[in-house]
Amino acid sequence: FTLYTTTFPIYKAFMMLIAVLMMGSIYLVLTRTRIGLVIQAALTHPNMVEALGLLRHAKATVASVLLAGKPEALAKHLPRYGWSFFQMDSDTAYSNRADGHDALPLTLARLVESINAHNPISTVAIGLAHFEYRTYPEVAVREALLNSFVHADYRLGGPIMVKQGAGKLEIS
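Being a predicted model, the structure only gives us computed values, none of them experimental.

About the criteria used
- Residues numbered from 1 in each chain as written.
- Predicted model: local features only at pLDDT ≥ 70, side-chain atom pairs only at ≥ 80, totals over all residues.
- Heavy atoms only, no water.
- Helix = DSSP H or I, 4+ residues; strand = E, 2+ residues; numbered from the N terminus.
- Polar contact = N/O pair within 3.5 Å; in protein donor to acceptor, adjacent residues only side chain to side chain.
- Contact = heavy atoms within 4.5 Å.
- Salt bridge = Lys/Arg side-chain N within 4 Å of Asp/Glu carboxyl O.
- Buried < 20%, exposed > 50% of the residue type's maximum accessible area, 1.4 Å probe, protein only.
- Axes fitted to C-alpha atoms, helices over the stretch in contact; angles between N-to-C directions.
- Parallel < 35°, antiparallel > 145°, perpendicular 65-115°, else oblique.
- Left-handed = near helix turned anticlockwise from the far one by under 90°.
- Nonpolar A, V, L, I, M, F, W, Y, C, P; charged D, E, K, R; others polar.
- Patch = residues over 30% accessible without salt bridge, like charges linked within 9 Å, V, L, I, M, F, W, Y side chains within 5 Å.
- Areas by Shrake-Rupley, 256 points an atom, 1.4 Å probe, with all protein chains shown as cover.
- Core = buried A, V, L, I, M, F, W, Y, C linked by side-chain atoms within 4.5 Å.

Let us look at the side chain of Ser84. Relative to the helices and strands, Ser84 is located in strand 5 (residues 83–88). Within the structure, the side chain of Ser84 is placed 2.5 Å from the side chain of Asp99, a separation counted as a polar contact. When near neighbours in sequence (up to four residues on either side) are disregarded, Ser84 contacts Arg97, Ala98, Asp99, Pro159, Ile160, Met161 and Val162.

What follows is the structure in structure tokens.
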């Protein structure tokens, strides 16, 4: 084809189109995905990313997969990672079950939401003020859940199990 007075072969025009499409797809990956955020952080602050343990020798670590990995990446690199939540009616029977293999921030949010759905609030009146307290404080629940996921040995089988029953919360 001819552009102004210059003649271009169709092959070169096709290759320019491919280059533009590749540049656009790389831009979208870097700006719209979790791994893109990690890559941007590694490029702008490599020492910080290594200090956080997300990259070591330019390769992703288990911590980076746990923090930003998609379920497919978690299944590939940590095949025994997962969690199960049970709303217990008795020692052996449960009425609600949820399972997941999500990245750690999403996992914590889903588990805290499941626990708080059956975590009663008590109101304490002191003078004119009324204070509300949950049976299991959310900060303590998050800390216990995070400890269980961070200190789990993913070489051994089995998900993190969270069982909530009448008057007890068990994380194993």
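From this point, things continue past the structure.
For the structure shown, the criterion picks out 5 salt bridges. Arg97 is the partner of Asp99 in a salt bridge, and the nearest nitrogen-oxygen pair spans 3.0 Å. For Arg97, a relative accessible area of 42% translates into the label partly exposed. Between Arg142 and Glu138 there is a salt bridge, with its nearest N and O atoms 3.6 Å apart.

Turning our eyes to something else, we now look at the packing of helix 6 (residues 104–116) against helix 7 (residues 138–150). Where helix 6 meets helix 7, the axes come as close as 10 Å, and the angle between the chain directions of the two elements is 135 degrees. The orientation of helix 6 relative to helix 7 falls into the category oblique. Handedness of the crossing formed by helix 6 with helix 7: right-handed. On helix 7, the residues that touch Leu104, Thr107, Leu108, Leu111, Val112, Ile115 and Asn116 of helix 6 are Glu138, Val141, Arg142, Leu145, Leu146 and Phe149. Taken together, the residues of the contact of helix 6 with helix 7 break down into 9 nonpolar, 2 polar and 2 charged.

A cluster of nonpolar side chains, Phe1, Leu3, Tyr4 and Ile10, forms an exposed patch at the surface whose accessible area comes to about 510 Å². Mapped onto the elements of the fold, Leu3 is located in strand 1 (residues 2–3).

Before going further, it helps to spend a moment on the environment of Val139. When you line up the elements, Val139 lands in helix 7. Relative accessible area serves as the criterion here: at 67%, Val139 is assigned to the exposed category. For the pair Val139 and Val112, spaced 27 residues apart in sequence, the C-alpha to C-alpha distance is 9.7 Å.

Moving on to the nonpolar core. Leu78, Tyr81, Trp83, Phe85, Leu111, Leu145 and Phe149 are the most contacted members of the largest nonpolar core, which totals 20 residues. Of all the secondary structure elements, the ones that give two or more residues to this core are helix 4 (62–68), strand 5, helix 6, helix 7 and strand 9 (160–165). For this core, the element with the highest residue contribution is helix 6, accounting for 5 residues. Those residues in contact with Phe85, other than ones at most four positions away along the chain, are Asn96, Arg97, Ala98, Leu111, Ser114, Ile115, Val162 and Gln164.

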